[in-house]
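Letter by letter, the chains look like this.
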Amino acid sequence: QLPKQVQIKEVGPRDGLQNETTFIPTEEKIQLVNRLSESGLNYIEVTSFVHPKWIPQLADAVEVLKEIKRNSAITYAALVPNSKGLARALDVGVDEVSIFMSASEGHNKSNINKSIDETFPILKEVVDGALAAGKTVRGYISTVIACPYDGYTKPEQVVNVAEKLFDMGISELSLGDTTGVGVPTQVDALLHEMLRHFKGEKLAMHFHDTRGTAIANVMTSLAHGITKFDSAIGGLGGCPYAKGASGNVATEDLLYFLHEMGIETGVSLEKIQQTALYVEGIIGKTLSSKLVAIAREE
Ligand code: HMG
Ligand code: MG
């Protein structure tokens, strides 16, 4: 039996925008988050406090997080790579801190310039600091199915990294198919192994839709009882340090799929579609999601 209710974690303002090369004015990013706040979402990843040289698009993280209109029912999270980023994030009152690393050496090195073993103490410092400041911490593991540098990832590699992150004190772990290569049989094998070690309620799935397999992978995850999914408005997104990575599963496509199956999210599909049309205006491009195409014609 499938879950009756699912939580959507909107990562468009972070994962989506980090992949856009033309700088989007800060005021428009703030507007985007404010519109998302009115759609019924209760979780928005707003930005990231990474090195601005690595991700120039999100160099205005402080201003964005400071200026958005906050709704106390919504968790406003941000990505934090190290203590330097944590200081900036705490300064502007982030609600939840998201740490991130990869299950594979090649992507970890390319994305955060460290080996996997070198990364743990850096993240431990971030988690300690965030918990001391009264914040919850979410973890991300990238390349859980395959790595653009190292090939297929074994589920055991993901379990090993996950164990270390949970030991640090993260409250939830998001598993990323960073380059969107995964198919249901692989997701099934991964979750089968993960659920032998961790509770399903502690896990979220983060599917990129590069090859059109994200919704099928969501279905497989639902069948394993997973109830948290990351998605990006309009299907924006990608990791600039993973060649060939494109957008996350589109929030509106995911909403349609879940709602039609009778699975509640509390999020208004129509409001998300309208916001996706707004996003097309600010990025000056047509988005690729199915449900934004339908909204455009209406
Ligand atoms: P590094 O160059 O190795 O850093 O970068 P460092 O610690 O050696 O420091 C070098 C300089 O940068 C120092 O300055 C630091 O102070 C400064 P200097 O002393 O030379 O003047 N610095 C910073 N400045 C501002 N904010 C900071 C910061 N950190 C150091 N936070 C680092 C290491 C991790 C910082 C860098 O590699 C980085 O920022 N990487 C981020 C890459 C990124 O954002 N990738 C995309 C997000 S992950 C993703 O998309 C995957 C996900 O969606 C899940 C999935 O799909 O799988 C989450
Ligand atoms: Mg991602």
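In the block above lies the structure referred to throughout.
Residues numbered from 1 in each chain as written. Chains lettered and ligands numbered in written order. Predicted model: local features only at pLDDT ≥ 70, side-chain atom pairs only at ≥ 80, totals over all residues. Heavy atoms only, no water.

> Would you mind going over the pattern of salt bridges in detail, with residue names and values included?
Tallied over the entire structure, the rule returns 12 salt bridges. A salt bridge links Lys 29 to Asp 60, with the shortest nitrogen-to-oxygen separation between them at 2.7 Å. With Lys 29 in helix α2 (residues 26–37) and Asp 60 in the loop between β2 (43–48) and α3 (61–67), this residue pair connects regions lying 31 residues apart in the sequence. Glu 280 is the partner of Arg 296 in a salt bridge, and the nearest nitrogen-oxygen pair spans 2.6 Å. Pair noted here: Arg 296 is in helix α12 (residues 290–297) and Glu 280 is in helix α11 (residues 269–283), with a separation of 16 residues, a long-range link. (Salt bridge = Lys/Arg side-chain N within 4 Å of Asp/Glu carboxyl O. Helix = DSSP H or I, 4+ residues; strand = E, 2+ residues; numbered from the N terminus.)

> Can you break down the site of ligand 1 residue by residue, with the values?
Neighbouring ligand 1 are 27 residues; Gln 18, Asn 82, Asn 113, Ser 142 and Thr 178 lie closest to it. At a separation of 2.8 Å, a nitrogen atom of ligand 1 approaches a polar side-chain atom of Asn 82. Separating an oxygen atom of ligand 1 from a side-chain N or O atom of Ser 142 is a distance of 2.7 Å. Relative to its unbound accessible surface of 1100 Å², ligand 1 loses 75% to contact with the protein. In a pocket analysis with a 2 Å cut-off to the grid points, ligand 1 is assigned to the largest pocket. Residue assignment for the shell around ligand 1 shows that the elements contributing at least two residues are α1 (12–16), α4 (83–91), α5 (105–112) and β5 (136–142). Top element by residues in the shell around ligand 1 is α4. It accounts for 3 residues. (Near = heavy atom within 4 Å. Polar contact = N/O pair within 3.5 Å; in protein donor to acceptor, adjacent residues only side chain to side chain. Areas by Shrake-Rupley, 256 points an atom, 1.4 Å probe, with all protein chains shown as cover. 1 Å grid on protein atoms, 1.4 Å probe; cavity = no way out; pocket = protein on both sides within 12 Å on 5 of 7 lines; lining within 4 Å. Sits in = over half its atoms within 2 Å of the grid points.)

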